[in-house]
Every structure is written in C-alpha cells, then in structure tokens.
Amino acid sequence: MIRRSILLGTGSALPKRVVTNAELTETVDTSDEWIVERTGIRMRHIAGEGETTATLATDAAKAALEAAGLASQDIDLIILATATPDQTFPASATKVQAALGIDDCVAFDVAAVCSGFLYAVTVADSMIRSGAAQHALVIGSETFSRILDWEDRTTCVLFGDGAGAIVLGAEESAATDPRSARGILASKLHADGRHNQLLYVDGGPSTTGTVGKLRMKGQEVFRHAVVNLASVLNEVMSLAGLDACDIDWLVPHQANARILDATARKLKLPAERVIVTVDRHANTSAASVPLALDLAMRDGRIKAGDLVVLEAMGGGFTWGACVLRL
C-alpha cells in the first residue's frame, strides 16, 4: 500500500476592490492597450482597509474546508506561502490557525515568492506521506499592493492581491500505475540565488530596516521563466512516469499571458488545456496557482480523474512543478 496526498477541496478569496487598467492610467503614465498587449492583464484586486494576507488566507481556507467537507479541527497542518506576511513574525499561518479556532496544529509560513505554493504543497505532501500529518491546509496568500512602487509603471500594473487554498488528505492505495493512481504523483523544486537582482524587494529587517519595494528586470525574468517552466514540467512528468500529452490541465503561475503562451508552445500543449486567470487577477504571486485551480474546479473544467500539473517560477529564482490526479 502507498500513502498519498489526495486533493479534497479548494477555495479562494479576493479583495473587494477591483482596479481596472483605465483607473491606473489616471495615476501612472500607461494605457489599457499597452498593458493588455504586453501582459494580458485587464484588472486586478487590491486589498483595502482591514484586508490583509492573513484575513484573505482565512477566507480562502474556510472555502476550501467547506468544499472538502471537513471541520477546522480536522486540520493538523497549515502551511501558508507568502512573500507579504502580516508581520515579520509570528508566521501568518498561526493567525489563520487562530482565526479558524484551531487550538493546536503545526503552522508555519513558506517564503519562495511566486513558487511558494508549489514549495508548500511539496512539504505538505512529504509530511502526509511520512505520517506526520493527516489533513493539511495549504494556502497561497499575498497583498503585493503593499510592496509596490506605484510610480513605477513597469511593475505596479502587473500585480494584484488575493488568496487560494487547498485541503490535502492522506489515502492508502495499492495503485502503482501513474495512469490510474490518484493524488500527488510527483513534485520537483529548484532554486538559483545567482539571479537575485532580477526580481527582488529592495528592503528587509536585516538590511534596511524597512519593508522595501518590488524591483524587476522584466525582459530577463521573461527569458528565464519560459525556459525554466518548460524544463521543470518535463522533469516532473518524467518523475511521474508520464508524458506531456497525458496532461489534461496545466495550471501555471499567472504572471504574464505571453509567458503562458510561450510555455504552452514550447511543450506543444494546446492553449485550451491551460488555465488562464491573469487577465482578471493579474500576478498574485504565491496565490496565483491555487486561485486559478479553485476557479477551474468550481466552474467544472477540472473534474475527478483529470491529470493536472501545477507550475510556477518566482524571485530567487525559485521554480517548481507538481503532478496530481484528481
């Protein structure tokens, strides 16, 4: 028998305020046409007063628990992926734990920027497989609007706020054929710190004593993203014993529509198999993959038995992918 992590439910949460490209043109030297042509983004959600990374994460977690048919007390592990925590410490995951009314469980944050959710899923899967956890709540939540330089038109138009969550549970199975086995079949993670200056925040407690603002060299990030995302997808499919043609749905990090198109072409994957939400959510960093997954689960595109690949790349650089069958 093999102990695997099974996806039990998904959930998401978005700030109430929606900001269109037209609104941004009132404060930034840009245009709707320029943004759409280069990124595919048409709008984004921006956190308002009282909305934080932890509150959005809590709302997404509640929706995922409801979809899974579980109570808060069933959860024994919470991993929150974020680059924009409520506080330097304690972990925002513990704020979610308290808000859910859970007296005691393992709870911690993971910081791997846009790849954070993939890192968190991989850690949760390892703990479930080892028997250290039975039900895990894995969340990606961000309020990137709080670290943007709103005078930098090359970055402020790209990001939005939001949260997505999944519930994983343990299941014992005798199935060994990857073409029929359920649950998380394989994961692959990478990091290369030599590229720090291509995508980073120019501050921190140990350096400037400030939060800092996001800085990015877009063209260089684009080139790395297309190569790395295609490469890691092939890697993880090989680990799972499957081929790219077996993929029913690709749920990628929602950074830029051009990156999504280029990655799909490189893999010879039909565009209709790629879940795209960047047009309505913009880049929500660690929240983008679970947000897109929840949307596609709830509208019925992704269904039981489908083979789904999650993938992302973010500052660091960090990147990774995960294969699971619903």
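Residues numbered from 1 in each chain as written. Predicted model: local features only at pLDDT ≥ 70, side-chain atom pairs only at ≥ 80, totals over all residues. Heavy atoms only, no water.

**Student:** What's the story with the overall build of the protein chain in this structure? I'm lost.
**Tutor:** Helix and strand counts for the protein chain stand at 10 helices and 13 strands. In terms of overall size, the protein chain behaves like a compact globule, its C-alpha atoms giving a radius of gyration of 19 Å where 326 residues would be expected to give roughly 20 Å. Dimensions of the protein chain, computed from the C-alpha atoms along their principal axes, are close to 60 × 45 × 40 Å. For the protein chain, the proportion of its 326 residues judged to be buried stands at 55%. Considering only intrachain contacts with a sequence separation of at least 6, the fraction spanning at least 24 residues in the protein chain is 77%. Accessible surface computed for the protein chain: about 13,300 Å², of which carbon and sulfur atoms make up 51%. (Helix = DSSP H or I, 4+ residues; strand = E, 2+ residues; numbered from the N terminus. Rg over C-alpha atoms; globule rule 2.2 N^0.38 Å. Buried < 20%, exposed > 50% of the residue type's maximum accessible area, 1.4 Å probe, protein only. Contact = heavy atoms within 4.5 Å. Areas by Shrake-Rupley, 256 points an atom, 1.4 Å probe, with all protein chains shown as cover.)

**Student:** What is the right way to look at the sheet that holds strand 8 (residues 183-191) in this model?
**Tutor:** Pairing between sheet strands relies on hydrogen bonds along the backbone, with the strands arranged either parallel or antiparallel. The strand order across the open sheet built from 4 strands is 8-13-12-11, with neighbouring strands paired in mixed fashion. Where the open sheet ends on each side, the last strands, each with one partner, are strand 8 and strand 11 (249-252). Averaged over all pairs of adjacent strands, the angle between their axes in this sheet comes to 15°, without regard to strand direction. Note that strand 8 and strand 13 (residues 318-325) share 8 bridges and pair antiparallel. Pairing of S187 across the sheet is with C322, part of strand 13. (Pairing = 2+ DSSP bridges. Axes fitted to C-alpha atoms, helices over the stretch in contact; angles between N-to-C directions.)

**Student:** Explanation requested: the environment of D299 in the structure shown.
**Tutor:** Within the secondary structure layout, D299 lies in the loop between helix 10 (288-298) and strand 12 (307-314). Within polar-contact distance, the side chain of D299 engages the side chain of R301 at 2.8 Å. (Polar contact = N/O pair within 3.5 Å; in protein donor to acceptor, adjacent residues only side chain to side chain.)

**Student:** Please explain helix 8 (residues 257-266) as it appears in this structure.
**Tutor:** Because each turn of an α-helix spans 3.6 residues, side chains separated by three or four positions in sequence point in the same direction. Turning to helix 8, its buried residues number three or more, namely I259, L260, A262, T263 and A264. Residues of helix 8 that are buried in the fold lie against helix 7 (218-240), strand 11, helix 9 (278-281) and strand 12. With a side-chain oxygen lying 2.7 Å from the backbone nitrogen of R258, the N-terminal cap of helix 8 falls on N256.

**Student:** Looking at this structure, how should I read the nonpolar core?
**Tutor:** Taken as a class, soluble globular proteins show a tendency for nonpolar side chains to be buried jointly. If you look at the biggest cluster of nonpolar residues, it comprises 47 residues, and the most contacted ones within it are M237 and V323. Mapped onto this core, the elements with two or more residues apiece are strand 8, helix 7, helix 8, strand 12 and strand 13. The element that contributes the greatest number of residues to this core is helix 7, accounting for 9 residues. Each residue touching V323, except ones within four places of it in the same chain, is listed here: G183, I184, L185, A186, V236, M237, A240, L242, L307, V308 and V309. By size, the runner-up hydrophobic cluster in this structure holds 35 residues, among which are A120, I128, V138 and L324. (Core = buried A, V, L, I, M, F, W, Y, C linked by side-chain atoms within 4.5 Å.)

**Student:** I keep staring at helix 4 (residues 92-99) and nothing clicks. Help me out?
**Tutor:** Residues S92, A93, V96 and Q97 constitute the buried set of helix 4. Along the axis of helix 4, the buried residues cluster in a sector spanning 155°; they form a single face. Turning to helix 4, the residues buried within the fold contact helix 3 (53-68), strand 4 (77-81), strand 5 (106-110) and strand 6 (135-143). In the segment just after helix 4, G101 is the residue with positive phi, at about 80°. (Arc of directions from axis to C-beta.)

**Student:** Mind showing me how you'd approach the sheet that holds strand 4 here?
**Tutor:** Spatially, 5 strands are ordered 1-7-6-4-5 in an open sheet, and the strand pairing comes out mixed. For this open sheet the edge positions go to strand 1 (2-13) and strand 5, each flanked by a neighbour on one side alone. Neighbour-to-neighbour, the strand axes of the sheet open up by a mean angle of 20°, direction not taken into account.

**Student:** How should I be thinking about the packing of aromatic side chains in this particular structure?
**Tutor:** Pairs of aromatic rings are described using the distance from one ring centre to the other and the angle between the two planes. Across all of its chains, the model carries 1 aromatic pair by this definition. Directly above the aromatic system of W34 lies the positively charged group of R153, at a separation of 5.6 Å from the ring centroid. It is R258 that lies over the ring of F222; its NZ or CZ is 5.1 Å from the centre. (Phe/Tyr/Trp six-rings, centres within 6.5 Å; stacked < 30°, edge-to-face > 60°. Lys NZ or Arg CZ within 6 Å of the ring centre and 35° of its normal.)

**Student:** Is there a simple way to think about the environment of M237 in this case?
**Tutor:** Its location among the elements puts M237 in helix 7. For M237 and G320, which are 83 residues apart along the polypeptide, the C-alpha to C-alpha distance reads 12 Å. Excluding residues within four positions of it along the chain, M237 makes contact with L242, D243, A244, I247, L307, V309 and V323.

**Student:** How should I be thinking about the packing of helix 3 against helix 4 in this particular structure?
**Tutor:** Between two packed helices, what matters for the description is the angle formed by their axes and the separation of those axes. Between helix 3 and helix 4, the shortest axis-to-axis distance is 9 Å and the interhelical angle comes to 50°. If you check the angle between helix 3 and helix 4, you find them oblique. At the point where helix 3 passes helix 4, the crossing takes the right-handed sense. Within the contact between the two elements, helix 3 uses A54, A57, T58 and A61 and helix 4 uses S92, K95, V96 and A99. Along the lines of polarity and charge, the residues of the contact of helix 3 with helix 4 split into 5 nonpolar, 2 polar and 1 charged. (Parallel < 35°, antiparallel > 145°, perpendicular 65-115°, else oblique. Left-handed = near helix turned anticlockwise from the far one by under 90°. Nonpolar A, V, L, I, M, F, W, Y, C, P; charged D, E, K, R; others polar.)

**Student:** Mind showing me how you'd approach unusual backbone geometry here?
**Tutor:** Leaving glycine out, the prevailing phi sign among residues is negative, and the prevailing peptide bond configuration is trans. Residue P90 follows F89 across a cis peptide bond; omega there is 5°. As for its position among the elements, P90 is in the loop between strand 4 and helix 4. A cis amide bond links G316 to the next residue, F317, at an omega of -15°. Here F317 shows up in the loop between strand 12 and strand 13. The residue V113 is not glycine, and still its phi comes out positive at about 55°. The topology assignment puts V113 in the loop between strand 5 and helix 5 (116-130).

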